[in-house]
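# Close look at the chain arrangement
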Amino acid sequence: MLDDAARAAYAAAYRPDRETAGGLGSMDEAMRGAQLFEVVVAGAVVVRYALRQDHYENGSEIVIVAAAGGLPGVDLVASLVPTIERQGAIADRMTMRTRRPGLVRKMKKQGWVLDAYCMGKTIK
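### Observations regarding the pairing of strand 3 (residues 59-69)
For strand 3, the buried fraction is high: 8 of the 11 residues fall into the buried class. Strand direction decides the pairing type here: strand 2 (residues 44-56) and strand 3, joined by 10 bridges, are antiparallel. What sits directly across from Q53, in strand 3, is I62. Between the antiparallel neighbours strand 2 and strand 3 lie 2 residues.

See below:
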């Protein structure tokens, strides 16, 4: 269960200009089954992120469901992604979805690759 502060922070990842389910999903649905983490600096939560493990016939995958926060003067992608990857080492792969080109560039610098394109069209 998300408290009000966490709900407000994660809501930023699910704004209409950032969410990746074409408006069909919800934050609560995406967070179901995820483990929630907080990064605390000097007593204040600066980042929250949620990881979910999905199991398949040929292995498992850690999905970065959401991440939100910031710390002035700190590139959180550069500093936090290695930690998240260590947490995900129990799985065979790690994935995330984003609509943010800047985040894609930052993740590529961390060794991530673009696996696929996800295209969508509203039918109704």
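### Looking at the packing of aromatic side chains
Per the counting criterion, the structure on display carries 1 aromatic pair. Taken together, a centroid distance of 5.1 Å and an interplanar angle of 20° make the contact between F37 and Y49 stacked. Taken as a pair, F37 in strand 1 (residues 35-41) and Y49 in strand 2 lie far apart in primary sequence, 12 residues in all. Y49 sits in the buried class, given a relative accessible area of 4%.

### So, the pattern of salt bridges
For the coordinates displayed, the defined rule picks out 6 salt bridges. Taking the shortest distance from any N to any O, the salt bridge between K106 and D75 comes out at 3.6 Å. Residue K106 is found in helix 4 (residues 101-109), and its partner D75 is found in the loop between strand 3 and helix 3 (76-87); the two are separated by 31 residues along the sequence. K106 sits in the partly exposed class, given a relative accessible area of 38%. Here R93 and D115 are joined by a salt bridge, their closest N and O atoms 2.4 Å apart. Placement of the pair is R93 in strand 4 (residues 93-96) and D115 in the segment after helix 4, with a sequence separation of 22 residues. For R93, a relative accessible area of 39% translates into the label partly exposed. Among the charged side chains, a salt-bridge network with shared partners connects E61, R93 and D115.

Definitions and cut-offs
- Residues numbered from 1 in each chain as written.
- Predicted model: local features only at pLDDT ≥ 70, side-chain atom pairs only at ≥ 80, totals over all residues.
- Heavy atoms only, no water.
- Buried < 20%, exposed > 50% of the residue type's maximum accessible area, 1.4 Å probe, protein only.
- Helix = DSSP H or I, 4+ residues; strand = E, 2+ residues; numbered from the N terminus.
- Pairing = 2+ DSSP bridges.
- Phe/Tyr/Trp six-rings, centres within 6.5 Å; stacked < 30°, edge-to-face > 60°.
- Salt bridge = Lys/Arg side-chain N within 4 Å of Asp/Glu carboxyl O.

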